[in-house]
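Given next are the chains, with one letter for each unit.
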Amino acid sequence: MRTHTLVCIILLISLCPGWTQEEELSTRKKQKQGIQQRRRRVPIKSATRGQKLIQPSPIPVPTSYAPVYNGDDTIVHLLQAILGVSEQAPSYNILPAKKGHCMVNGIAMYDRAVWSPKPCVTCMCSNGKEICDEIACPSLPCPKTVIPNGECCPVCSQTVFRKLSHTHEEMDEILKKEEKKEERQKTKIMIKKKKGNKRLQQDNTRKTEKEVEEERIEQERRKAYEEEEIKMEAEEKRKLEEEKRKKEEDIKKEEDKREEEINRLAMERKLREREMLGLEEDDEDDDDDDDDDDDDYNLRGDVFRVPRRRIPGSRRPPEVHHPPLPPGCFISEITVSCSNAKLTGVPPISDPDVKSLDLLGNSITSIPKEAFNGMPNLERIDLSKNKLTSTGIDRLAFKSLKNLRRLYLDGNLLDQIPLELPSTLEELKINENKLGGIDEDSLKDVKNLVTLELEGNQLSESTVSPLAFKPLQHMSYLRLARNKFRIVPEGLPASIEELHLENNQIEEISETAFNYTVNLHTIVLRYNQLEETRIPPLTWIFHKNLESIDLSYNKLYQVPSYLPKSLLHLVLVGNQIERIPGYVFAHLNPGLEYLYLSFNKLDDDGIDPTSFHGAYHSLREIFLDYNELTSIPAGMEDMRELHILRLNNNKIKVVSPNCICSAEDEGDSNIEYLHLENNYINTREISPYAFSCIRSYSSVILKPQKVK
């Protein structure tokens, strides 16, 4: 009995190692199957989906794998990181405005802005829609047209290229000639056939005298036929040459006649236009000749205009020719362009159809009051980069322009805003001048102004009256960058939507600075001297439309609290931020989407899971590059809407398995770019599950890494 018991015990002991090995093998197989299934759920896709956000350079798909040895000596292949990634610098630009803006080639164009993407095409932004209008060129009766340099529409060419065209008679002649050639070819073929048959007969039978005679006659006939054919060809050739020469002469005469007729019609049309213009003026001036004298007095005597011809019997004599446009100037339909034409004054032009005048890049020093009398319908004037002074501009220079919408005076020597500007003005640019102040009456005449740009001047809160902007009830865009403000200017209009105050000396923001700007959605305050303690709690927390704030390159030590509830885009690049306070984004609704914290002093102690509380469901981009992090911040795995995460150029050493991909969530991540390069990560020690939720491994940038 004891012997049987001992035998059973020995058998059980011997079987246990086998069972253990089988369990280990089954466990390894299950692990391998799980990894394979997980990889099958993660198809490699193109990484181009995120190029619309930061547009990096194309990323090559890796082709090699780095083996990683687990503790049980099994090998798991991990896709090797991409090498030599050369990408563009990240963009921290303000989000495209959502209210009436248009996006054109990556640039946000405000409502009612006008631009020209290409010659002869003018576009306008209207309530968020891009409306383009191409200049319609009139049809010309001339056979040959050319487009002069600087113009959009063609004009009649002085040289007419003569082309020979086949008429119906010519086509008949050509067809007859082809038919004759075909008949001659058929005759030759028949002769060759007969000749071959006769040769065969001569070889088979002896020739009789009759056959010899017939052959001689046939040869003579063939010879005569060939001679006749040669004569006919020569005669046909001569006739065709004569006909061709005659038709060329007829075509030349006809084209000359047509050209004369075109010139005559064009001249008559011009004369009719001038006569109609003269009739209109006669109808207005027939009752009083003194009015004509007044018109001639108001119009400059040296203006460029087309002479008008009076109808026989009219009292006023025909006008004389006036000086042409200066060299370097071009006129095309409704636009006169004199850019960089070395002008010292406004060119004398008389054309009521001109609506746009471009005088950029000249040496104009003054504008007399009658400068634009010959162009009463001007809507746009560009006088940028000249040598204009405030004393050189007559106070009535722009007053007569009842349709002027846009006036550009950038890059001049103005020390005050010009007076007596037309009330129709909607866009005024006086950047890069010497403006020293704005009083309460400086802008009283431009009540319909929408855009005002005064960047690069010498303005400050002490030289700008709090009532200066009060008349501007429709202004949406105000740019005061590169001035000398120490506080946000007072008296901002309630209609303002976008405010630029970068590159000033602003040290604090008063609690009432934005009390009345209820429509404000973008504030740019980068490159100032702001600290978080100098931003009061009630500065903007109750704003319902403020979506974008740029506080880059200030003196912030932590992310500011009391941010506006509607905030979507926060830029804090280049500060000294060491901490993201807990729940700082918790009150935002619908939630922060873009957070840029590059080039700060954040470390692991400055970020905890409560730092992003309230933004886990909304954040799309987080830039934490160029900080002092030694690990990936907690909470990244819970951001399901995250598309771009930049953690490059930190001090990160370890990538834990669940820091990016949550073990509980088996769904794919939305991450399109994960930057971890230029840290201290040993890529061979990365868990095979660390990036399993990312759809494309090429979205993970791991190399190069720093050497310890």
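This is a predicted model, so every value here is computed, not measured. (Residues numbered from 1 in each chain as written. Predicted model: local features only at pLDDT ≥ 70, side-chain atom pairs only at ≥ 80, totals over all residues. Heavy atoms only, no water.)

### Re the overall build of the chain
Helix and strand counts for the chain come out as 5 helices and 26 strands. Per-residue burial over the chain gives 39% buried out of 708 residues. Counted over contacts in the chain with a minimum sequence separation of 6, partners at least 24 positions apart contribute 55%. As displayed, the chain has an accessible area near 41100 Å², and 51% of this comes from carbon and sulfur atoms. (Helix = DSSP H or I, 4+ residues; strand = E, 2+ residues; numbered from the N terminus. Buried < 20%, exposed > 50% of the residue type's maximum accessible area, 1.4 Å probe, protein only. Contact = heavy atoms within 4.5 Å. Areas by Shrake-Rupley, 256 points an atom, 1.4 Å probe, with all protein chains shown as cover.)

### Some details on the packing of aromatic side chains
Remark: the centre distance and the inter-plane angle together describe each pair of aromatic rings, the angle taken between the planes. As enumerated under the stated definition, the model contains 5 aromatic pairs in all. Measuring from ring centre to ring centre gives 4.3 Å for Phe599 and Tyr626, while their planes differ by 10°; the resulting arrangement is stacked. With Phe599 in the loop between strand E22 (594-596) and strand E23 (621-623) and Tyr626 in the loop between E23 and strand E24 (644-646), the pair connects residues that are 27 residues apart, well separated along the chain. Judged by relative accessible area, Phe599 falls into the partly exposed class, the value being 39%. In this structure, Lys429 packs its charged tip against the face of Tyr408, placed 4.8 Å from the ring centre. When the ring centre of Phe623 is taken as reference, the NZ or CZ atom of Arg646 above it lies at 5.5 Å. (Phe/Tyr/Trp six-rings, centres within 6.5 Å; stacked < 30°, edge-to-face > 60°. Lys NZ or Arg CZ within 6 Å of the ring centre and 35° of its normal.)

### Quick look at unusual backbone geometry
Cis rather than trans, the peptide bond between Asn589 and Pro590 has omega equal to 15°. Its location among the elements puts Pro590 in the loop between strand E21 (569-571) and E22. Residue Pro704 is bonded to the preceding Lys703 through a cis peptide linkage, with omega at 10°. Note that Pro704 resides in the segment after strand E26 (700-701).

### Regarding the pairing of strand E6 (residues 121-126)
Side chains Val121, Cys123 and Cys125 project from E6 onto a buried face, and the interleaved Thr122, Met124 and Ser126 project onto a face without burial. Two strands pair when backbone bridges link them, and E6 and strand E7 (residues 129-134) are joined in this way by 6 bridges, in the antiparallel orientation. Looking across to E7, one finds that Val121 is bridged to Glu134. The turn joining E6 and E7, which pair antiparallel and follow one another in sequence, is formed by 2 residues; a positive phi near 55° is taken by Asn127. (Pairing = 2+ DSSP bridges.)

### Points about the state of the cysteines
Tallied over the full model, the rule gives 3 disulfides. With its sulfur 2.2 Å from that of its partner, Cys329 forms a disulfide with Cys338. Negative torsions about the S-S bond denote left-handed disulfides, and the value of about 125° found for Cys329 with Cys338 makes this one right-handed. With relative accessibility at 9%, the residue Cys329 sits in the buried group. Here Cys661 pairs with Cys693 through a disulfide, and the sulfurs are 2.0 Å apart. Because the torsion about its S-S bond is -75°, the bridge between Cys661 and Cys693 counts as left-handed. With a gap of 32 residues between them, Cys661 in the loop between E24 and strand E25 (673-675) and Cys693 in the loop between E25 and E26 connect regions that are remote in the sequence. Cys693 carries the same exposure label as Cys661, and that label is buried. (Disulfide = S-S within 2.5 Å.)

### Examining the side chain of Ser618
The topology assignment puts Ser618 in the loop between E22 and E23. Residue classification places Ser618 among the buried positions, given a relative accessible area of 9%. Within the structure, Ser618 has its side chain in polar contact with the backbone oxygen of Leu592 (distance 2.6 Å). Apart from the residues within four sequence positions on either side, Ser618 is in contact with Pro590, Gly591, Leu592, Glu593 and Glu641. (Polar contact = N/O pair within 3.5 Å; in protein donor to acceptor, adjacent residues only side chain to side chain.)

### Re the environment of Met475
Position of Met475 relative to the elements: it lies in the loop between strand E16 (451-453) and strand E17 (477-479). On the accessibility criterion, Met475 (0% relative accessible area) is buried. Residues Met475 and Ala494, 19 residues apart in the sequence, show an inter-C-alpha distance of 8.6 Å. In contact with Met475, other than residues within four places in its own chain, are Leu449, Val450, Leu452, Phe469, Pro493, Ser495 and Ile496.

### Quick look at the confidence of the model for the chain
Confidence along the chain averages 77 in pLDDT terms, with 69% of residues attaining 70 or more. Throughout residues 159-167 the model reports pLDDT below 50, and contacts reaching past four residues in sequence, or to other chains, amount to 15 contacts. Across residues 284-322, where pLDDT falls below 50, the model places 63 contacts with residues more than four positions away in sequence or in other chains. (pLDDT = per-residue confidence, 0-100.)

### Remarks on the environment of Tyr626
Of the residues examined, Tyr626 reaches a relative accessible area of 36% and is grouped as partly exposed. On a C-alpha basis, the gap between Tyr626 and Leu647 in space is 7.6 Å, while along the polypeptide they are 21 residues apart. Dropping the residues within four chain positions of it, Tyr626 is found in contact with Phe599, Asn600, Asn648, Asn649 and Asn650.

### A few points about the pattern of salt bridges
Counted according to the given criterion, the structure contains 17 salt bridges. Here Arg380 and Asp382 are joined by a salt bridge, their closest N and O atoms 3.7 Å apart. For the salt bridge of Lys429 with Glu427, the shortest nitrogen-to-oxygen distance reads 3.4 Å. Several salt bridges share partner residues, and in doing so they unite Glu432, Glu453, Glu455, Arg479, Arg482 and Glu498 into one network. (Salt bridge = Lys/Arg side-chain N within 4 Å of Asp/Glu carboxyl O.)

### Structural notes on the nonpolar core
In terms of nonpolar packing, the biggest core is built from 113 residues, with Phe372, Phe398, Phe585, Ile660 and Phe691 touching the most fellow members. Those residues within four positions of Phe691 in sequence are excluded, and the remaining contacts are Val655, Ile660, Cys661, Leu674, Leu676, Ile686, Tyr697, Val700 and Leu702. Val571, Tyr594, Tyr596 and Phe623 belong to the second-largest nonpolar core, a separate cluster that totals 8 residues. (Core = buried A, V, L, I, M, F, W, Y, C linked by side-chain atoms within 4.5 Å.)

### Some details on a nonpolar patch on the surface
Taken together, the side chains of Tyr527, Tyr553, Phe599 and Tyr626 make up a nonpolar region of the molecular surface, amounting to roughly 390 Å² of accessible area. Counting through the fold element by element, Tyr527 comes out in the loop between strand E19 (522-524) and strand E20 (548-550). (Patch = residues over 30% accessible without salt bridge, like charges linked within 9 Å, V, L, I, M, F, W, Y side chains within 5 Å.)

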